[in-house]
Amino acid sequence: MGIRFYEEPKLKDPVLIASWPGIGNIGIIAVNYLRQMVKAREFGEIEPWDFFEPRRVLIEGGLLKELEFPSSKFYFQRTVNRDLIFFVGEQQPTETGTPYPGGRKVLEIANLVLDVALRFGCRRVYVSGAALAPIHHTARPRVWAVPNSESLVSEVRSYENTVLMSDVEGRGGQGSITGLNGLLLGVAKKRGLEAVCVLGEIPFYLQGLAMVYPKASKSVLEVLTKILEIEIEFSTLDKMVAQVEQGIGHLEEQFYQQTPPEVAERIRTWLESFKHKPAESRPITEEDQKWLKEHIDELFKRGGEEDDRPL
Amino acid sequence: MTDLFRFSRQPELQNPSLIVGFSEDAGELAPKVIDYLNEKIKGESFCEIEPSEFFSLGGVAVEDSVAQFPESKFYCGERKDLLIFKGSEPQFERYQFLQTVLDVAQHHCKIRELYTISGTISSIAHTTPRSILTVFNQPEFQEKLRGYGLEDMNWEGRPALNSFLLWAAERRSIPGVSLWPVIPFYLAAVDDWEAQKRVLEFLDERFALGIDFSDINEDVVKQNEKIAQLRTRSPEVDNYVQKLESNLTLTEEESERLVREVEEFLGRKD
């Protein structure tokens, strides 16, 4: 079990920005986009076989040419104002016998990522993921932030379009971040590193769907680029945002056409209600979850069956 | 964590070749070949991989009215150049399981080569000679086994456990080959004696085992006679087999019908 380095870049006080896949792939899209925009170079990877199953084999002419595993790669770039290290994990290790992230391996991989951060002199880590929120998909998502030390709270409060997760109404200062996007915060704290998790809001009725939500990734990136003092071009991401939003609208309309008018109207009204209170800051209630289960899941599932455009 | 493997005795081996077969296999080909081989070399178990790290032990599965328990055992017999492993496919920690297999084989038994066996389903007729598709982990080893009538495989997709093992062996510089004898799809749920025989013939030639094939030959002849009877009795089955013999494709419905008829006539194993 280990890390393979292709080169040993000389970096000055770099910041680590990390992400793994999660709901809507919000964090990983944000980190990958930023990495590509600043043209970061790959310099190492975590050896995958202790953590993941191989997902593809290539056999040619009777020879085993390649066994492909989910990758966990490190990249670096020196920008004008700051040196950066990126970590992008294609998959989270799962708890033995379950499909969910967790267990000994999750802790091991978090420590390996931070080993690299410390080796190159990192003192600050950003990690990114998703926050389920009662917002409409046409609204601008905010960013929920969670620092790993009290000394970072006032700094985090100053970020634009950002709210502390513990300030979200009804949470009573509590909250949780599942998987490695959250665990890294805790492990970083244990190892003396400052860390902040930035979570892009995703409409809660889109949870559980196999779709990306780049709109929230953009919100995360707007915050991160400001903190890191980097200017990037958003046009490619904007195109993706428009495409996904159009896709969601298309699914919604398709559903209304196939649903009895009175039910369609109720759902339309319910969804519209989130359009008009984008600034409301509260977690998902049990009532919301119930409604979601009864009606909205069906909305996107049914639509999705007949629409295979990428989302 | 418990010890991952347990020796019951020290084997007497001299740089053996490791032959691996997992129980979960098309037509149960691998376990059948391994059992046959073990019988021929009077193989006895001397080491076992402990199941607790690799299998769910919340209970036992019951198959054919009998309680099952995962077993992963190494065998050796009269031949000092053969090490045999027969095991259940691990449910968890597959990489660690394969590393354990290779640890025992490499560090305790000093193996020189690896051979894995698994059946692969094909849309051939049972009257077609069985070929063995192969995957090697080193071109030198592939070259070494030219002349045994093996065929090269081409494939891209989800890896089988044997491919994972082959890859792990290569990382230790152990030359290895996966043998994939083809099985007609309608014999997948019954014994395909011909395919078993084809693998055993290869192993017999490779290791000069001097196997007397009269017993398995008898099984092959009996099975072919029974299918011939079925073809006479059912023109439909005969038509399907003829199509396959002419390299024509059956529809899904025709394939299902053929499978059902053959299984009913020959008797399913499960």
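The model shown is predicted, which means the values in this text are computed figures rather than measured ones.

Draft legend 1. Geometry of the overall build of chain B. When its secondary structure is counted, chain B shows eight helices and 13 strands. Computed over its C-alpha atoms, the radius of gyration of chain B comes to 19 Å, within 12% of the 18 Å expected for a compact globule of 270 residues. The C-alpha extent of chain B, read off along each of the three principal axes, is 60 × 45 × 40 Å. Taken across its 270 residues, chain B has 40% of its residues classed as buried. Taking all contacts inside chain B whose residues are at least 6 apart in sequence as the whole, residues at least 24 apart take part in 77%.

Draft legend 2. Structural detail: the overall build of chain A. Secondary structure summary: chain A contains eight helices and 11 strands in total. Per-residue burial over chain A gives 40% buried out of 311 residues.

Draft legend 3. Summary view of the packing of helix 2 (residues 94-108) of chain B against helix 4 (residues 161-170) of chain B. Residues and elements named next belong to chain B. Here helix 2 crosses helix 4 at 55°, and the two axes come no closer than 10 Å. As the angle between them shows, helix 2 and helix 4 are arranged oblique. Both helix 2 and helix 4 take part in a crossing whose hand is right-handed. Listed contacts from helix 4 to R94, L98, Q99 and L102 of helix 2 are L161, F164, L165, A168 and A169. Among the residues making up the contact of helix 2 with helix 4, the classes are represented as seven nonpolar, one polar and one charged.

Draft legend 4. Local environment of the interface of chain B and chain A. The partner chain A presents 16 residues to the 23 residues of chain B that form the contact. Secondary structure elements with two or more residues in the side of chain B that touches chain A: helix 2, strand 10 (132-136), helix 3 (139-144), strand 12 (155-157) and helix 4 of chain B. Among the elements that make up the side of chain B that touches chain A, the one with the highest residue count is helix 4 of chain B (four residues). By residue class, the composition of the side of chain B that touches chain A is 11 nonpolar, seven polar and five charged. Relative to strand 12 of chain B, strand 4 (residues 56-60) of chain A is paired through three bridges, and the arrangement is antiparallel.

Draft legend 5. Main features of the domain arrangement of chain B. All names here are of chain B. By domain assignment, chain B separates into domain 1 (5-211) and domain 2 (216-266). In this structure, domain 1 and domain 2 have C-alpha centres spaced 28 Å apart. Residue-level contacts link 14 residues of domain 1 with 15 residues of domain 2. Here the residues of the side of domain 1 that touches domain 2 sort into eight nonpolar, four polar and two charged.

Draft legend 6. Structural view of helix 8 (residues 252-266) of chain B. Under the 1.5 Å per step criterion, the end-to-end length of helix 8 of chain B is 21 Å for 15 residues, consistent within 8% with the ideal 21 Å. Following helix 8 of chain B by one or two positions, G267 of chain B adopts a phi angle in the positive range, close to 90°.

Draft legend 7. Fine view of the nonpolar core. V125 and L184 of chain A are the most contacted members of the largest nonpolar core, which has 82 residues in total. In this structure, this core is formed jointly by two domains, domain 1 (3-233) and domain 2 (239-305) of chain A, each of which donates at least three residues. In terms of nonpolar packing, the next biggest core, distinct from the first, is built from 71 residues, A26, L29, F164 and L244 of chain B among them.

Draft legend 8. Seen up close, the pairing of strand 8 (residues 113-117) of chain B. All names here are of chain B. A large share of strand 8 lies buried, amounting to four of its five residues. Bridge analysis of strand 2 (residues 17-22) against strand 8 gives five bridges, and the strand direction is parallel. Bridged to V20 within strand 8 is T116. Sheet topology note: the strand 8/strand 13 (residues 176-184) ladder contains four bridges and is parallel. Residue Y115 lies in a different strand from strand 13, and its bridge partner there is V177.

Draft legend 9. Layout of the environment of S128 of chain A. Residues and elements named next belong to chain A. The topology assignment puts S128 in strand 8 (residues 124-133). For the pair formed by S128 and L224, sequence separation is 96 residues and the distance between their alpha carbons is 9.7 Å. Here S128 is in contact with S19, I26, G27, A30, V31, N181, C197, V198 and V220, once residues within four sequence places are set aside.

Draft legend 10. View of the sheet that holds strand 3 (residues 41-46) of chain A. Residues and elements named next belong to chain A. Judged by pairing direction, the sheet is mixed, and its nine strands sit side by side in the order 1-3-6-7-2-8-11-9-10 without closing on themselves. Only two strands of the sheet have a single partner each, and these edge strands are strand 1 (3-5) and strand 10 (162-164). Averaged over all neighbouring strand pairs, the angle between strand axes comes to 25°, with direction disregarded.

Draft legend 11. Quick peek at unusual backbone geometry. Although it is not a glycine, N25 of chain A sits at a positive phi angle of roughly 50°. Tracing the sequence through the fold places N25 of chain A in the loop between strand 2 (15-19) and helix 1 (26-37). Positive phi, close to 55°, is recorded for K110 of chain B, a residue that is not glycine. Within the element layout of this structure, K110 of chain B appears in the loop between helix 2 and strand 8. Overall, K110 of chain B belongs to the exposed group, with 12 C-beta atoms counted inside 10 Å.

Draft legend 12. Local environment of the confidence of the model for chain B. Per-residue pLDDT for chain B averages 93, and the proportion of residues at 70 or more is 98%. Confidence metrics for the complex model read pTM 0.85 and ipTM 0.91.

Draft legend 13. Geometry of helix 5 (residues 214-228) of chain A. Residues and elements named next belong to chain A. For helix 5, spanning 15 residues, the distance from its first C-alpha to its last is 20 Å, which sits close to the expected 21 Å at 1.5 Å a residue. Every buried residue of helix 5 is listed here: P214, K215, A216, S217, K218, S219, V220, L221, V223, L224 and I227. Backbone geometry just after helix 5 places E229 at a positive phi near 55°.

Draft legend 14. Molecular detail of the environment of Q246 of chain A. Looking at where Q246 of chain A falls in the secondary structure, it is placed in helix 6 (residues 235-258). Residues Q246 of chain A and I28 of chain A lie 218 residues apart in sequence; the distance between their C-alpha atoms is 22 Å.

Draft legend 15. How the structure looks around the pairing of strand 2 of chain B. Residue and element names in this part refer to chain B. Burial analysis of strand 2 places six of its six residues in the buried class, which makes it a mostly covered element. Relative to strand 7 (residues 82-87), strand 2 runs parallel, the two sharing six bridges. Paired with G21 across the two strands is K86, which belongs to strand 7.

Draft legend 16. Representation of the confidence of the model for chain A in the model. Residues and elements named next belong to chain A. The predicted model of chain A averages 87 in pLDDT, with 85% of residues at 70 or higher. The secondary structure element of chain A with the lowest average pLDDT is helix 8 (residues 286-305), at 57, and the one with the highest is strand 3, at 98. Scored below 50 in pLDDT, residues 302-311 shows 16 contacts in the model against residues more than four places distant or in partner chains.

Draft legend 17. Local environment of the packing of helix 6 (residues 214-233) of chain B against helix 8 of chain B. All names here are of chain B. Relative to each other, helix 6 and helix 8 sit at 125°, their axes nearing to 10 Å. Overall, the two elements helix 6 and helix 8 adopt an arrangement that is oblique. Here the hand of the crossing between helix 6 and helix 8 comes out right-handed. In this structure, helix 6 contributes K226, I227 and L230 to the contact, and helix 8 contributes E261, V262, F265 and L266. Classifying every residue of the contact of helix 6 with helix 8 by side-chain character gives five nonpolar, no polar and two charged.

Calculation rules
Residues numbered from 1 in each chain as written. Chains lettered and ligands numbered in written order. Predicted model: local features only at pLDDT ≥ 70, side-chain atom pairs only at ≥ 80, totals over all residues. Helix = DSSP H or I, 4+ residues; strand = E, 2+ residues; numbered from the N terminus. Rg over C-alpha atoms; globule rule 2.2 N^0.38 Å. Buried ≥ 20, exposed ≤ 12 C-beta atoms within 10 Å, placed from the backbone. Contact = placed C-beta atoms within 7 Å. Axes fitted to C-alpha atoms, helices over the stretch in contact; angles between N-to-C directions. Parallel < 35°, antiparallel > 145°, perpendicular 65-115°, else oblique. Left-handed = near helix turned anticlockwise from the far one by under 90°. Nonpolar A, V, L, I, M, F, W, Y, C, P; charged D, E, K, R; others polar. Pairing = 2+ DSSP bridges. Domains from an automatic or database assignment. Expected span 1.5 Å × (residues − 1). Core = buried A, V, L, I, M, F, W, Y, C linked by C-beta atoms within 7 Å. pLDDT = per-residue confidence, 0-100.

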